[in-house]
Amino acid sequence: GNRRLYREKFARVVPMLREVMDVDVPDGAFYLWLAVGDDEAFTRGLFGQQHVTVLPGRYLARETESGNPGLGRIRISLVASIDDCDEAARRIAEFVRESRR
C-alpha cells in the first residue's frame, strides 16, 4: 500500500541526500525537511539550475516569538513517482555539490 511506497521512496532518496547534507527522516511523514541556510535562495537556485521545485520552509510556518521554525529549511514532498523522486534527489545532491565549489 501507500506506506510501503513511501518507505521505498525514503529508502531511495535519503541515502543520496545524506551524501551531501544532514537529513532527518520524520516518523510517518510524506516530506523531508532539510537545513539549507537561506531557504529562498536555495529554492530559487535549485529550480533555476536543476528544474526541481521545493518549498522554502519559511512559507510553511508562521513567525513566533522565537522566530519562524521553517526558516533556513526546505520541504521536499515525496508524492511523485519513485522514479521522479529518485531523479529529483539526484538533482538536489548535484546542486548542493555544485554550490560548494
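See the structure printed just above.
Residues numbered from 1 in each chain as written. Predicted model: local features only at pLDDT ≥ 70, side-chain atom pairs only at ≥ 80, totals over all residues. Heavy atoms only, no water.

Student: I'd like a description of the sheet that holds strand E1 (residues 31-35), backed by residues and values.
Tutor: In spatial order, the strands read E1-E3-E2; together these three strands make up an open sheet with antiparallel pairing. Bordering the open sheet on either side are E1 and strand E2 (55-56), each of which pairs with just one other strand. Bridge count between E2 and strand E3 (residues 73-77): two bridges; the pairing is antiparallel. When the bridges of E3 are listed, Pro56 appears paired with Ile74. Strand contacts of helix H1 (residues 2-18): E1 and E3, with the helix running at about 5° to E1, the strand carrying the most contacts. (Pairing = 2+ DSSP bridges. Helix = DSSP H or I, 4+ residues; strand = E, 2+ residues; numbered from the N terminus. Contact = heavy atoms within 4.5 Å. Axes fitted to C-alpha atoms, helices over the stretch in contact; angles between N-to-C directions.)

Student: Describe in detail the nonpolar core, supporting the description with residues and values.
Tutor: Counting residues in each nonpolar core, the largest one holds 25 residues, and the members touching the most others are Leu17, Leu32, Leu34, Phe42, Ile76 and Ile92. Of all the secondary-structure elements, those providing two or more residues to this core are H1, E1, helix H2 (39-50), E3 and helix H3 (82-99). Excluding residues within four positions of it along the chain, Phe42 makes contact with Val36, Ile74, Ile92, Phe95 and Val96. (Core = buried A, V, L, I, M, F, W, Y, C linked by side-chain atoms within 4.5 Å. Buried < 20%, exposed > 50% of the residue type's maximum accessible area, 1.4 Å probe, protein only.)

Student: Break down the packing of aromatic side chains for me, with residues and values.
Tutor: With the rule as written, the count across this model stands at two aromatic pairs. Pairing Phe42 with Phe95 gives two aromatic rings, centres 5.0 Å apart and planes at 85°, and the pair type is edge-to-face. Of this pair, Phe42 sits in helix H2 while Phe95 is found in helix H3, placing the two residues 53 residues apart along the sequence. Take Phe42 and Phe95: they sit in the same class, and that class is buried. One cation-aromatic arrangement involves Lys9 over Tyr6; the distance from NZ or CZ to the ring centre is 4.7 Å. Above the ring of Tyr31, the side-chain terminus of Arg75 is found at 3.9 Å from the ring centroid. (Phe/Tyr/Trp six-rings, centres within 6.5 Å; stacked < 30°, edge-to-face > 60°. Lys NZ or Arg CZ within 6 Å of the ring centre and 35° of its normal.)

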